[in-house]
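# Geometric and topological summary
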Amino acid sequence: MSEKSDHATVLQLIRMSTEDGPGIRTSVFFKGCSLRCDWCHNPESISFKPQLQWVGSRCIGCLLCIETCPRGALTMGDQGIAIDREKCIGCGDCAQQCPTTALELLGTSWSVDALVAEVLKDRAFFEQSGGGITATGGEPAAQARFVAKFFELLRERGVHTALDTCGQCATSQIELILPHTQLVLFDVKLIDPQRHLQHTGALRDKIEQSFACVVRAVREPGGPSELWVRTPIIPGATDDEANIAAIGRYLAEHAHGAIERWELCAFNNLCRDKYSRLDQDWPYKDAPLMTEAQMERLAQVARQSGVAPEIVHWTGSVQMKNNSAQPPLKLVKPCQYGAES
């Protein structure tokens, strides 16, 4: 993918977000990710190319999409509209013709000026709440030139900026964005290199280099003023005490005093329908939510790992205690994953 500073592929904008930094924020999800996490909560953000999805509940069966498709990639089957993803090139012609938005094209090209103008519509909410703009994804650093320019223009207008990154990128890409970033949200998922490779498709080398780059920038005048670390707690992958303790030791050794907040983000399964709409299987579709006791225990392990205990927090939905008459979820505080996901 060629890098541009004037245009980028954006998946979506989420307004009124409270999960991706302080205050009320508009989160810009950039398309394309350099990791392939087993548990990814935003599978539609992984590919750098636009992707088509069909939402059956909106479909009225008019078949106009089939007539429109120039590649013959759509057919009507027993389960509704079927997409031949070998033939589909993501042109979006069918989505434009669909009268009920049952077909959606995931991924739109934005110019930097148009995106700045769009997010500034929410400026009143930022100013009242101490919020701002978060670039997430996917991996926003994969479109670093655009994000750097986007943040530069926002900072000129007094808007708080936050970069949500998995760190799987060249340090030169991170370095382009950091001078215009006030907060970095950095995912640290697993410390063991082979387990990291197994669950994310990549070793930790680039991530460690990016993390060191961010820590240096936070400690230097003119760099980001805050660094938050986020660890997704995934059943059978990242949720063991040994992994949390190892992450804590790593943070204490390599970023002592530089981290404002370390969040343990409880697993959720709200993305199951995303996988089905993309004709993909998800290995965690039947995985249970964490319990409050599990999250409290992991938080305690984190606080005893060598970091400043007060920076450790856990967030997310957990199982209700034994009460079948109650809903199955207890909302503690939502947590959404950008880079891993």
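In what follows, the structure referred to is the one given above.
Nothing here was measured: the structure is a model prediction, and the numbers come from that model. (Residues numbered from 1 in each chain as written. Predicted model: local features only at pLDDT ≥ 70, side-chain atom pairs only at ≥ 80, totals over all residues. Heavy atoms only, no water.)

## Remarks on helix 9 (residues 241-254)
To keep things clear, this is the line we draw: Each helix is a run of H or I in the DSSP string that is no shorter than four residues. Each strand is a run of E no shorter than two, and both are numbered from the N terminus. Helix span is expected to be 1.5 Å times the residue number reduced by one. A 1.4 Å probe rolled over the protein chains alone gives each residue an accessible area, and that area as a share of the maximum for its type sets the label: buried under 20%, exposed over 50%, partly exposed in between. The contact rule is simple, with two residues in contact once any of their heavy atoms fall within 4.5 Å.
The first and last C-alpha atoms of helix 9 sit 20 Å apart over 14 residues, in line with the 20 Å expected at 1.5 Å per residue. Inspection of helix 9 places N243, I244, A245, A246, I247, G248, Y250 and L251 among the buried residues, and these make up the whole buried set. Its buried side turned inward, helix 9 meets helix 7 (193-200), helix 8 (205-219), strand 11 (226-233), strand 12 (261-266) and helix 11 (292-303).

## Quick notes on the nonpolar core
What counts is decided by this rule: Remark: nonpolar core denotes a set of buried residues (Ala, Val, Leu, Ile, Met, Phe, Trp, Tyr, Cys) joined through side-chain atoms within 4.5 Å.
F30, F150, F211, L251, W262 and L264 are the most contacted members of the largest nonpolar core, which has 80 residues in total. At 8 residues, the largest contribution of residues to this core is made by helix 5 (residues 144-156). One finds A73, C98, A102 and L103 within the second-largest nonpolar core, a separate group that totals 13 residues.

## Concerning the packing of aromatic side chains
Here is the rule: Note on aromatic pairs: the rings of Phe, Tyr and Trp (six-membered ring only in Trp) are paired at centre separations within 6.5 Å, and the planes decide the class, stacked below 30 degrees, edge-to-face beyond 60, tilted for the rest. Geometrically, a lysine NZ or arginine CZ counts as sitting over a ring once it is within 6 Å of the ring centre and also within 35 degrees of the ring normal.
Summed over the entire model, instances satisfying the criterion amount to 9 aromatic pairs. Pairing F211 with Y250 gives two aromatic rings, centres 5.6 Å apart and planes at 35°, and the pair type is tilted. A residue pair is termed long-range when its members are at least 10 positions apart, and F211 in helix 8 and Y250 in helix 9 qualify at 39 residues. We note that F211, like Y250, is buried. Each residue in the set F30, F146, F150 and F151 is aromatic and connected to the rest through ring pairs, giving one cluster. Over the ring of Y250 we find R204; its NZ or CZ atom is 5.0 Å from the centre of that ring. Against the face of W228 rests R261, its NZ or CZ located 5.5 Å from the ring centre.

## Regarding the packing of helix 9 against helix 11
As a reminder, the rule being used: Fitted lines through C-alpha atoms serve as axes, helices being fitted only where they are in contact, and the angles separating the N-to-C directions of these axes extend from 0 to 180 degrees. Crossings are assigned a handedness: left-handed for a near helix turned anticlockwise from the far helix by less than a right angle, right-handed for a clockwise turn. Side-chain classes follow a simple rule in which Ala, Val, Leu, Ile, Met, Phe, Trp, Tyr, Cys and Pro form the nonpolar group, Asp, Glu, Lys and Arg form the charged group, and the remainder, Gly included, forms the polar group.
Where helix 9 contacts helix 11, the two axes come as close as 8 Å, and the packing angle between them is 35°. In the crossing of helix 9 with helix 11, the sense of the turn from one axis to the other is right-handed. Here helix 9 contributes E241, I244 and A245 to the contact with helix 11, which in turn contributes R297, L298, V301 and A302. In the contact of helix 9 with helix 11, the residues fall into 5 nonpolar, no polar and 2 charged.

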